[in-house]
Amino acid sequence: ASGPVNAAAPTPVTGAEYARTLASVVHRPAVLRVPGFAPAVLLGRRGADEFALAGQRMSAARATELGYSFRHPELRTGLEHVLARTTDGPTEVEEH
């Protein structure tokens, strides 16, 4: 196969859903929101609009079509694995 393939999960979530799920996994409240002006202070207005505040609509359809199998297709299980916080007992650390 050739051409681009998005590095996206098969089950996309919004930024708010990501924040809530991450907070739940690490057992912390998800109460603080980044004020809209903060990215503009760091990146300038144009940088904030094009990078930090822009939505990202990506799909894992091409990866799935190519037969890629996601180990953690859901955000919660992926975060639990990466952060070693599963409820199924200790996680195995992978060596690369």
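Residues numbered from 1 in each chain as written. Predicted model: local features only at pLDDT ≥ 70, side-chain atom pairs only at ≥ 80, totals over all residues. Heavy atoms only, no water.

A word on the overall build of the protein chain. Each helix and strand in the protein chain was counted, giving 4 helices and 0 strands. For the protein chain, the sequential pattern of α-helices and β-strands runs α-α-α-α. Per-residue burial over the protein chain gives 15% buried out of 96 residues. In the protein chain, the share of contacts with a sequence separation of at least 24, taken over all contacts with a separation of at least 6, comes to 61%. Entry remark: accessible area of the protein chain is about 8,000 Å², with carbon and sulfur atoms responsible for 56%. (Helix = DSSP H or I, 4+ residues; strand = E, 2+ residues; numbered from the N terminus. Buried < 20%, exposed > 50% of the residue type's maximum accessible area, 1.4 Å probe, protein only. Contact = heavy atoms within 4.5 Å. Areas by Shrake-Rupley, 256 points an atom, 1.4 Å probe, with all protein chains shown as cover.)

Inspection of every chain in the model, using the stated rule, returns 1 aromatic pair. With 4.8 Å between their ring centres and 80 degrees between their planes, Tyr68 and Phe70 make a pair best called edge-to-face. (Phe/Tyr/Trp six-rings, centres within 6.5 Å; stacked < 30°, edge-to-face > 60°.)

Here the focus is the side chain of Thr21. Structurally, Thr21 is set in helix 1 (residues 15-25). Those residues in contact with Thr21 that sit more than four places away from it in its chain are Leu75, Arg76 and Leu79.

A separate point is the pattern of salt bridges. All told, the structure shown has 2 salt bridges when counted by the stated rule. Between Glu65 and Arg62 there is a salt bridge whose closest N-O contact spans 3.4 Å. Placement of the pair is Glu65 and Arg62 together in helix 3 (residues 61-65), with a separation of 3 residues, close to one helical turn. Take Glu65: its relative accessible area is 59%, and that puts it in the exposed class. Its relative accessible area of 33% is what places Arg62 among the partly exposed residues. (Salt bridge = Lys/Arg side-chain N within 4 Å of Asp/Glu carboxyl O.)

When its volume is computed, the second largest pocket comes out at roughly 350 Å³. Taken together, the residues of the lining of the second largest pocket break down into 7 nonpolar, 1 polar and 2 charged. (1 Å grid on protein atoms, 1.4 Å probe; cavity = no way out; pocket = protein on both sides within 12 Å on 5 of 7 lines; lining within 4 Å. Points joined across faces, edges and corners; volume = space filled by probe spheres on them. Nonpolar A, V, L, I, M, F, W, Y, C, P; charged D, E, K, R; others polar.)

Moving on, we come to helix 4 (residues 75-82). Among all positions in helix 4, only Leu75, Gly78, Leu79 and Glu80 are buried. On the buried face of helix 4, the contacting elements are helix 1. One or two residues past the end of helix 4 sits Ala84, with phi positive at roughly 55 degrees.

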